[in-house]
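# Residue-level structure breakdown
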Amino acid sequence: MSLSLLTTDKLFMVNISDDKLVATLSLHAAEPPDNIAVEKILNQIRSMKIILDDEGKKAVEDFVAGLARKEIPESVVIARGRKPEPDQPGKIEILFLKPLEPDHQPEESKEASRQSHYDRSSIVVVKEGQKLLRLIPPAQGQNGVDVFGEEIPRKLAPEAQIHLGPNVRQEDDIVYATCDGKVEYCNGKVWVDSMLEIPGNIDFSTGNIDFPGDIHVGKNVLDLFKVKSGADIVVCGTAEAAEIYAQQDMVVTGGIAGKDKGIFSAGRDLKSKYIINAKVWAGRNIEVTKEIVHCDLVCQGRLIIENGNLIGGHTIATGGATVKTLGSEANVKTIIELGIDHELREQYREFAPGIQQRRRKAEKLKQVVEPLLQRQKHLSPEQKEKATELLFQAN
C-alpha cells in the first residue's frame, strides 16, 4: 500500500510508492497558494526523512515555478530509491568437455576428425587427476536503498551443489577424477566408471572405443569399428570385421567372423566360440570351442580346440596345441608351427639384413687393411694407427 504524507502547512501531498522507491509531490490545496518559498517546501519534505538529491531539488523548484504562474502542475517525482540487485546463483563449470584449441591438437587428431565418422564417440574418457568440474560461487548483487535512505536487503542466492559419486574427489572449488575411466554427470552428481558398459552394439551410436579399463559389450562389434582396452574385453555377441585390442584378456562369446579384415589381439588369453577369417594374436593361450578356419594366428602360449577343427590358414603356437581335427578331408592347405617363438623370429627377420650388410662391410675393410699391416715398415705412425683402428672395427 502506498503512503501519503501531508506537509505541515496542509498545502502539499507527498506520495510514497508501495516499494518505497519513488516519492512524488503534488498540490493538496484547491488553488495554488501565493508566495510559496522553495526552501520552505524542501524543509517540510526533509522533515519527512525523505532523501533529496540535486535532481529532486530541481523537480521541487520547477513545481514551485509552475505554482507562481498560477498553474496547477501534475505531480512530480522528487526522490527515487535504488532497487536491490539479487545475488546470481552459484554455477558449475564443466571442464571435461572442453576440447583442445585447434592449434594445439595433434595433426593426426585433426586428420582423423576430418576423415572418420567412426571416431565420433559420445563416451568421454578422463585420466586420473583430470579436472572435471569447477564450482563457481554466487555472484554478489547489491542491496537497495529506499527514498528514506534505508537499506533494502537483496535476495541471497544458494551455493552450487554437487554430489560426489565413486572415483572423484573435491579439493577447494575443483572436482578431480581419482582413476582413469568414463565420466558421468547427471542431476547434480558426478562420478567416474572404471569399467565401460555398452549394453548394445559397437556401431555409429558409440563410435570407436579407446578405454583404459575393462570393456563389456552387450551385443556385437560391427564391421570396421575399433575397440581398445587397457584391461579386459568381453563381447557377448559376435565380432565382425573389426579391430579389437585388449591389453589383458579377451572373451568373444558369440564368435569371431573377421571376413579377412578383422584383427584381434589379447595381451594374455583369448577365448571365443569360433574364429573365422581373421588375424589373431595372444600373449598367452587361445581357447576355442568349435573351430578355427582360415586364420593367421599367433599364440605365444597353448592353442586349445578340445572338440573342434583347425582348418586352413597359418597357425603358430609357441606352447603347443590341443586340436581334435587338424586340416580337412577337402585337403585345404593348413600350416601349423609348434614350439616356435614368433616374436624372436620376427626380430631376426627385422635385424638379419642389417647384420649381413655389416658383415660384408667388415670383410671389405679387412681386405683393404690387412695387406697394409703386412707392410708396416713403410707406414707412418698415423697410418699405422688408422689401419689398426679400421681392423678393430672390422673384427
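Scroll up a little and you will see the structure.
Now for a description of the structure that goes with this document.

About the criteria used
- Residues numbered from 1 in each chain as written.
- Predicted model: local features only at pLDDT ≥ 70, side-chain atom pairs only at ≥ 80, totals over all residues.
- Heavy atoms only, no water.
- Helix = DSSP H or I, 4+ residues; strand = E, 2+ residues; numbered from the N terminus.
- Buried < 20%, exposed > 50% of the residue type's maximum accessible area, 1.4 Å probe, protein only.
- Contact = heavy atoms within 4.5 Å.
- Areas by Shrake-Rupley, 256 points an atom, 1.4 Å probe, with all protein chains shown as cover.
- Phe/Tyr/Trp six-rings, centres within 6.5 Å; stacked < 30°, edge-to-face > 60°.
- Lys NZ or Arg CZ within 6 Å of the ring centre and 35° of its normal.
- Axes fitted to C-alpha atoms, helices over the stretch in contact; angles between N-to-C directions.
- Parallel < 35°, antiparallel > 145°, perpendicular 65-115°, else oblique.
- Left-handed = near helix turned anticlockwise from the far one by under 90°.
- Nonpolar A, V, L, I, M, F, W, Y, C, P; charged D, E, K, R; others polar.
- Pairing = 2+ DSSP bridges.
- Core = buried A, V, L, I, M, F, W, Y, C linked by side-chain atoms within 4.5 Å.
- Arc of directions from axis to C-beta.
- Salt bridge = Lys/Arg side-chain N within 4 Å of Asp/Glu carboxyl O.

A few words now on the overall build of the protein. Along the backbone of the protein there are five helices and 30 strands. Across the 395 residues in the protein, those meeting the buried criterion constitute 35%. Of all intrachain contacts in the protein linking residues separated by at least 6 positions in sequence, the fraction that spans at least 24 positions is 35%. By element, 50% of the accessible surface of the protein is carried by carbon and sulfur atoms, the whole surface being about 23,600 Å².

Let us now look at the packing of aromatic side chains. Under the definition given, this model contains four aromatic pairs. Taking the centre distance of 4.9 Å and the plane angle of 45 degrees together, the rings of Y118 and F204 count as tilted. Placement of the pair is Y118 in the loop between α3 (107-115) and β6 (125-126) and F204 in the loop between β15 (196-198) and β16 (209-211), with a sequence separation of 86 residues. With a centroid separation of 5.1 Å and an interplanar angle of 75 degrees, the aromatic rings of F204 and F225 are classed as edge-to-face. Note that F204 is positioned in the loop between β15 and β16 and F225 in the loop between β17 (215-217) and β18 (226-229), a separation of 21 residues in sequence. Residue class for F225 comes out buried when judged on its relative accessible area of 2%. Site record: aromatic cluster; members linked through ring pairs are Y118, F204 and F225. Over the face of the ring belonging to Y176 we find R169, whose NZ or CZ atom lies 4.5 Å from the ring centre.

Here we take up the packing of helix α1 (residues 38-47) against helix α2 (residues 54-68). In contact at an axis separation of 10 Å, α1 and α2 are set at 130 degrees when each is read in the N-to-C sense. The angle between α1 and α2 falls in the class oblique. Crossing of α1 against α2: the hand is right-handed. The segment α1 lies against α2, with V38, I41, L42, I45 and R46 engaging K57, V60, E61 and V64. Each residue belonging to the contact of α1 with α2 can be placed in one class, and the counts come to six nonpolar, no polar and three charged.

Our focus in this paragraph is the sheet that holds strand β5 (residues 91-94). Strand order in the open sheet formed by four strands is β5-β7-β12-β11, and the pairing between neighbours is antiparallel. Each of the sheet's edge strands pairs with one partner strand only, and the pair in question is β5 and β11 (168-171). Strand-to-strand twist of the sheet, defined as the mean angle between neighbouring strand axes without regard to direction, takes the value 25 degrees. Examined bridge by bridge, strand β7 (residues 131-136) and strand β12 (residues 174-177) share three bridges and lie antiparallel to one another. Following the sheet pairing, K131 is matched in β12 by Y176.

The next subject is the environment of F63. When you line up the elements, F63 lands in helix α2. Sequence separation between F63 and L25 is 38 residues, and the spatial gap between their C-alpha atoms is 8.4 Å. The contact partners of F63, leaving out residues within four places of it in the chain, are F12, L25, S26, L27, P73, E74 and V76.

This paragraph deals with the nonpolar core. Among the nonpolar cores identified, the biggest contains 37 residues, and I244, L270, I275, I286 and I292 are the most heavily contacted of them. Sorting elements by how many residues they give to this core places strand β24 (residues 270-282) first, with five residues. Among all residues touching L270, those that are not within four sequence positions of it are M250, F264, I275, V280, A282, N285, I286 and E287.

Here we come to α1. All of the buried residues in α1 are I41, L42, Q44 and I45. The buried residues of α1 occupy an angular sector of 165 degrees when projected down its axis, which confines them to one face. Looking at the packing, one finds that the buried side of α1 touches β2 (12-16), β3 (22-27), α2 and β4 (76-80). Remark: K49 follows α1 within two positions and exhibits a positive phi of approximately 70 degrees.

With that out of the way, let us pick up the pattern of salt bridges. Across all of its chains, the model carries 11 salt bridges by this definition. When the shortest N-O distance is used, the salt bridge between D87 and R154 registers 2.6 Å. In this pair, D87 is assigned in the loop between β4 and β5 and R154 in the loop between β9 (151-152) and β10 (163-164), connecting sequence segments 67 residues apart. R154 shares its class with D87; the two are buried. Close ionic contact of E93 with R134 constitutes a salt bridge, the shortest N to O distance being 2.8 Å. Of this pair, E93 sits in strand β5 while R134 sits in strand β7, and the two are 41 residues apart along the sequence. Judged by its relative accessible area of 22%, E93 falls in the partly exposed class. Judged by its relative accessible area of 26%, R134 is partly exposed. Among the charged side chains, a network of salt bridges with common partners joins D223, E240 and K259.

What follows is about the environment of P86. Here P86 is to be found in the loop between β4 and β5. Considering only alpha carbons, one finds P86 and Q140, 54 residues apart in sequence, at a separation of 7.5 Å. Each residue touching P86, except ones within four places of it in the same chain, is listed here: G141, R154 and K155.

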